[in-house]
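Topology and contacts: notes
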Amino acid sequence: MTTRSSRAVPASQRLAQQALSYVRHFLQIEAFAGGVLIAAALIALIMANSGFADSYHNFWALPLSIGFGGWGFTQSLQFWVNDALMTVFFLVVGMEVRREIYDGALATVRLAALPLAAALGGVLIPAAIYLLFNSSGDAANGWAVPTATDIAFAVGVLALLGRTVPTNVRILLLAIAIIDDVAAVLIIAFFYSGGLSASGLPWVIAALALIFIMQRAGVFSAWPYVVPGVLLWVGLMQVGAHPTLAGVILGLLTPVFSRPSQEEPVRSLEQEVVHLARVSEGATTDEAHIALSLQRLRMEQREILPPVTRVQMALHPWVAFLIMPLFALANAGVTLGGVDLSAPGANAVMIGVLAALVLGKPLGILAMCFAAVKLRVCQLPQGVTWNGIVLLGLFAGIGFTMSIFIGTLAYADVNLLNASKLGVLTASLGAAVLGLLYGFLGKKRLTQTPVSA
């Protein structure tokens, strides 16, 4: 039997493969993801303050309907971005939390103590500062706006400092931001969900039951879980909870183990690769057998990684480069001429958000970390100095996505919402600039051995 001869790869194909490899490389760079998010926010701001302002706002208000037979559901395009697509964002957050609890920065009380203390300070102090400026009325409902940290934006900006930042500083920022997101989810669930109703409870119970049944049956592919995910989303909306919480619940329920099998996936992979090697040598030309072998190869390759890791890796590019930029495009477009800071409470809301994020975040994180170390509840990780904690505090002031998201839930008054968005955008930019300046000017201090508290 003749051996198949290899054909020369066309130049156009080589160029396409090289371009694709560059794209894949950029998709893995966190700073690039942060840059895309910033670009989307800038585009939204430019559109909202140009001659296209009316078209911009009208576009996101366009109704979009889904329906089957006589049933239909119509909401604005902005709703579908904020309440539907952002569910996928929260799904990734939930899976990140699940991974960290299983085998990460939150796996033990000792490991979690420092980021828990930091996150607690990063929630309580900013909320208190905000309430100093807005102690009553509708404005007081926004107390949680400056408590959130945007993971992608903060980690992306931190990446701009390069290798001067110790690895443990980055890991600690991730842990703080993750706990911060958990706090934001709990705040949304308890303070910004509507009056709870029992009408959607059967949907929620049915969705959870279906998830557990599918997991027990060994269904580890992600796509079948879309059905119970949609049921859970609808049920939570009917209950009165915010529907994006469905993403968090699904993420926390995602398995951290690969599907049990009679044979090790790596061993199965090795067998299939050997078989395909024989095919390439011309030992067989049975196309049906080859197709079956390739199918097994894909299945075993998938089973090497647990679902929580595999699904998160698959969704990350979509969240970082599509969903979050879309959210920024839909929500960051504040028409500056339309922000009436003379309206009752508007100026105090903007100043409160600005001060809470830029000052409250670093103060709260530094104070609680210092107290926790002094009380010997925990200690600074290797390579993390107090200057590194200050740097983390500054970057944690980048609220952006989560802060704007909470703002859309907190304010009924459009003037207060726009003032809040302006405060979030200004504070996030200020926190990013201050963090970069502090990092570049104090590179040596970031790697010095920390003085024992």
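Residues numbered from 1 in each chain as written. Predicted model: local features only at pLDDT ≥ 70, side-chain atom pairs only at ≥ 80, totals over all residues. Heavy atoms only, no water.

- Looking at an unreviewed UniProt entry, one finds the protein named Na(+)/H(+) antiporter NhaA and attributed to Candidatus Paenalcaligenes intestinipullorum.
- As stated in UniProt under Catalytic activity (unreviewed entry), the record for the protein gives "Na(+)(in) + 2 H(+)(out) = Na(+)(out) + 2 H(+)(in)".
- The UniProt entry for the protein carries the following comment under Sequence similarities (unreviewed entry): "Belongs to the NhaA Na(+)/H(+) (TC 2.A.33) antiporter family." (UniProt positions renumbered as here; feature names shortened; annotations may be inferred.)

As for the packing of aromatic side chains
- Summed over the entire model, instances satisfying the criterion amount to 11 aromatic pairs.
- Taking the centre distance of 6.5 Å and the plane angle of 15° together, the rings of Trp80 and Trp233 count as stacked. Taken as a pair, Trp80 in helix H4 (residues 77-103) and Trp233 in helix H9 (residues 226-239) lie far apart in primary sequence, 153 residues in all. For the residue pair Trp80 and Trp233, the accessibility class agrees, reading buried in each case.
- Between Phe327 and Phe405 the ring centres are 6.1 Å apart and the planes differ by 45°, which places this aromatic pair in the tilted class. Placement of the pair is Phe327 in helix H13 (residues 307-331) and Phe405 in helix H16 (residues 400-410), with a sequence separation of 78 residues.
- Taking relative accessible area as the criterion, Phe405 reaches 0% and is therefore assigned buried.
- Through successive ring pairs, a cluster of aromatic residues spans Phe73, Phe79, Trp80 and Trp233. (Phe/Tyr/Trp six-rings, centres within 6.5 Å; stacked < 30°, edge-to-face > 60°. Helix = DSSP H or I, 4+ residues; strand = E, 2+ residues; numbered from the N terminus. Buried < 20%, exposed > 50% of the residue type's maximum accessible area, 1.4 Å probe, protein only.)

Considering the nonpolar core
- Counting 117 residues, the largest nonpolar core has Phe89, Phe90, Ile389 and Phe395 as the members making the most contacts within it.
- Examining the composition of this core, we find that 12 residues originate from one element, helix H14 (residues 346-374), more than from any other.
- What Phe395 contacts, discounting residues up to four positions off in sequence, is Thr149, Ala154, Val157, Leu158, Leu161, Leu173, Ala431, Ala432, Gly435 and Leu436. (Core = buried A, V, L, I, M, F, W, Y, C linked by side-chain atoms within 4.5 Å. Contact = heavy atoms within 4.5 Å.)

Section: the packing of helix H8 (residues 201-216) against helix H10 (residues 245-253)
- Running from amino to carboxyl end, H8 crosses H10 at an angle of 25°, the nearest separation of the two axes being 12 Å. The pairing of H8 with H10 is recorded here as roughly parallel in orientation. Judged by the sense of rotation from one axis to the other, the crossing of H8 with H10 is right-handed. Here Leu208, Ile211, Phe212 and Gln215 of H8 lie close against H10, whose contacting residues are Ile249, Leu250 and Leu253.
- Among the residues making up the contact of H8 with H10, the classes are represented as 6 nonpolar, 1 polar and no charged. (Axes fitted to C-alpha atoms, helices over the stretch in contact; angles between N-to-C directions. Parallel < 35°, antiparallel > 145°, perpendicular 65-115°, else oblique. Left-handed = near helix turned anticlockwise from the far one by under 90°. Nonpolar A, V, L, I, M, F, W, Y, C, P; charged D, E, K, R; others polar.)

So, the state of the cysteines
- All told, the structure shown has 0 disulfides when counted by the stated rule.
- In this structure Cys369 is a free cysteine whose sulfur lies 7.0 Å from that of Cys378, the closest cysteine sulfur available. (Disulfide = S-S within 2.5 Å.)

Some thoughts on helix H3 (residues 53-60)
- Among the residues of H3, those classed as buried are Ala53, Tyr56 and Trp60. Seen from one end, H3 has its buried residues packed into an arc of 65°, which puts them on one side. Residues of H3 that are exposed and point over 90 degrees away from its buried face: Asp54 and Asn58. (Arc of directions from axis to C-beta.)

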